[in-house]
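# A closer look at the structure
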Amino acid sequence: MAAAARDGRPNDPNFPLNLDIHPSLPISHSSLLGDATDLDANFDSLAQELAIRQYGIAGRVWEAAYAMTLYVQPHGEFDPPFIDASRSSERLMMIELGSGSGLVAATIAKLLTPGRHHLIATDLPEVGQTSSIARGKMADILQEVCPLLEANLHTITTRAETDSSHNGVVTVVPVSWGKREDALALASAFFDDQSTRPNFGPLTHIICSDLVYFPELLGPLLRSLLHLSSPPFISLPCDGPIRRDPTIYISYKIRSLAKETPFWSAFGLWFDFSPVLMKEKSGKGEWKRFGTDFDDTTFLFVAHRRPQSYKWKIPPLDDDLLGGVGSYGTDTRKGDDTFENLLLMLVEQD
């Protein structure tokens, strides 16, 4: 199958220089997959090939996205589960960053109740454009948002320019990573009691599937996660008997530890995170890390903001943010070792 063009497109993160990618296949793990291997035609190999030619990186279903779809569907027993049955009375409000072609969003949407739960699927605005949500022009969203994502979710998408009933479960919105104005505009549009649109809050889930790869995007990604886990998306304090801050779910496939470890080193300063555990569908056997049996080293992390971090100042420069500046209330560079310890445990188990 044909790969995407190799010459790249200036300033377009979806078409970096020497891009050479091909369609992916679902994770082969029969004891977990069940009927999950039956991909919708929007996400099969042919659809990906065509999408890669037109949309580059965003057109491919990346491997860790398949891991996320296995997790959100009931094809095994997970700790913690994606949706906690003991809190079924609560309203679910989710945001997915970097939705790409929409496989994960489409999978999650099947679990949500129209009129009660909602998912905002986001992706980067078109190159050279300022996000219309940041400009406050909600009517322009559909003309700007990734057309591939919009097309793949059209049967379940609540059209963003409609101010009526919001009976659907998904809204597609362009959001630039690392820009506080985009985060504030998103909060104003969907989480503000003064908004002319229905208030969806509070935010319960933040989903990230295979977003930790390009070094130049790691700082903006971490900054966006800090924005979305801060007021006005949450109400402080959030560390009582029942947590009120959103849970962050990150699926991640290791590709280059040298390039990707700095993200986890900084992420762990601001967030407490751990891998998801699983048992086989039968419920028999020992708990083990989800992803242990995959061909590639893949993690699925669940994270919460460290309560003390709300008092820390987020540095304005991405290099400083990735270097730990501002965390623990100091300007010294530092890092967290949670991820490195997990890697050491993997080595010891081999």
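First, a word on what this report is: a plain description of the structure on this page. In this text the structure is predicted, and so the values were computed from the model without any measurement.

### Topic: the pairing of strand S5 (residues 205–209)
Within S5, five of the five residues are buried, which leaves the element mostly enclosed by the surrounding structure. With five bridges connecting them, S5 and strand S6 (residues 247–253) associate as parallel partners. Following the sheet pairing, His-205 is matched in S6 by Thr-247.

### With respect to the sheet that holds strand S10 (residues 298–305)
Read across the open sheet, the seven strands follow the order S4-S3-S2-S5-S6-S10-S7; overall the sheet is mixed. At either end of the open sheet lies a strand with only one pairing partner, and these are strand S4 (170–174) and strand S7 (271–275). On average, each strand axis in the sheet is tilted by 20° relative to the strand beside it, whichever way the strands run. Helix H10 (residues 257–270) contacts S6, S7 and S10 of the sheet and is inclined by roughly 120° relative to S7. Along the sheet, helix H12 (residues 338–349) contacts S6, S7 and S10; its crossing angle with S10, the most-contacted strand, is approximately 150°.

### Thoughts on the environment of Ser-265
The topology assignment puts Ser-265 in helix H10. Leave out the neighbours within four places in its chain, and Ser-265 touches Gly-335 and Asp-336.

### Details of the side chain of Glu-260
By the secondary structure assignment, Glu-260 is in helix H10. Although Glu-260 is buried, it forms no salt bridge, and the closest oppositely charged side chain is Arg-255 at an N-O distance of 5.5 Å. A polar atom in the side chain of Glu-260 sits 2.6 Å from the side chain of Tyr-252.

### Thoughts on the pattern of salt bridges
If you walk through the whole model with that rule in mind, you get 10 salt bridges. The closest approach of N and O atoms between Asp-336 and Arg-306, which form a salt bridge, is 3.9 Å. Of this pair, Asp-336 sits in the loop between helix H11 (318–322) and H12 while Arg-306 sits in the loop between S10 and H11; the two residues are 30 residues apart in sequence, bridging distant segments of the chain. Per residue, the accessibility class of Asp-336 equals that of Arg-306, and both read buried. Measuring nitrogen to oxygen at the nearest pair gives 3.4 Å for the salt bridge that ties Arg-333 to Asp-319. Remark: Asp-319 occurs in helix H11 and Arg-333 occurs in the loop between H11 and H12; sequence separation between them is 14 residues. With relative accessibility at 53%, the residue Asp-319 sits in the exposed group. Through salt bridges with shared partners, one network takes in Arg-60, Glu-63, Asp-210 and Arg-255.

### Side note on the sheet that holds strand S9 (residues 288–289)
Spatially, S1-S8-S9 is the arrangement adopted by the three strands of the open sheet, whose pairing is antiparallel. Both edges of this open sheet fall to strand S1 (77–79) and S9, since each of them pairs with a single strand only. In terms of strand pairing, strand S8 (residues 277–279) meets S9 through two bridges, oriented antiparallel. Directly across from Leu-277, in S9, lies its bridge partner Arg-289.

### Thoughts on the environment of Asn-42
Position of Asn-42 relative to the elements: it lies in the loop between helix H1 (30–33) and helix H2 (45–55). The class for Asn-42 is partly exposed, based on a relative accessible area of 30%. The spatial distance from the C-alpha of Asn-42 to the C-alpha of Ser-101 is 8.4 Å, given a sequence separation of 59 residues. If we skip the residues at most four places from it in the chain, Asn-42 touches Ala-47 and Asn-152.

### Digging into the packing of aromatic side chains
Aromatic ring pairs are defined here through the distance separating the ring centres and the angle between the ring planes. The final tally for this structure, using the stated rule, is 25 aromatic pairs. With centroids separated by 5.2 Å and ring planes inclined at 90°, the aromatic side chains of Tyr-71 and Phe-78 adopt a geometry described as edge-to-face. Of the two residues, Tyr-71 and Phe-78, both sit in the buried class. Look at Phe-290 and Phe-294: their rings are 5.4 Å apart centre to centre, the planes differ by 80°, and that puts the pair in the edge-to-face class. Phe-294 carries the same exposure label as Phe-290, and that label is buried. Ring pairing ties together the aromatic residues Tyr-252, Phe-263, Trp-264, Phe-267, Phe-271, Phe-273, Phe-299, Phe-301 and Phe-339, which thus form one cluster. Geometry around Trp-62 places Arg-60 over its ring, the cationic atom sitting 4.4 Å from the centre. The ring of Phe-299 carries Arg-289 above its face, with NZ or CZ at 4.5 Å from the centroid.

Parameters and conventions
Residues numbered from 1 in each chain as written. Predicted model: local features only at pLDDT ≥ 70, side-chain atom pairs only at ≥ 80, totals over all residues. Heavy atoms only, no water. Buried < 20%, exposed > 50% of the residue type's maximum accessible area, 1.4 Å probe, protein only. Helix = DSSP H or I, 4+ residues; strand = E, 2+ residues; numbered from the N terminus. Pairing = 2+ DSSP bridges. Axes fitted to C-alpha atoms, helices over the stretch in contact; angles between N-to-C directions. Contact = heavy atoms within 4.5 Å. Lys, Arg positive; Asp, Glu negative; His and termini not counted. Salt bridge = Lys/Arg side-chain N within 4 Å of Asp/Glu carboxyl O. Polar contact = N/O pair within 3.5 Å; in protein donor to acceptor, adjacent residues only side chain to side chain. Phe/Tyr/Trp six-rings, centres within 6.5 Å; stacked < 30°, edge-to-face > 60°. Lys NZ or Arg CZ within 6 Å of the ring centre and 35° of its normal.

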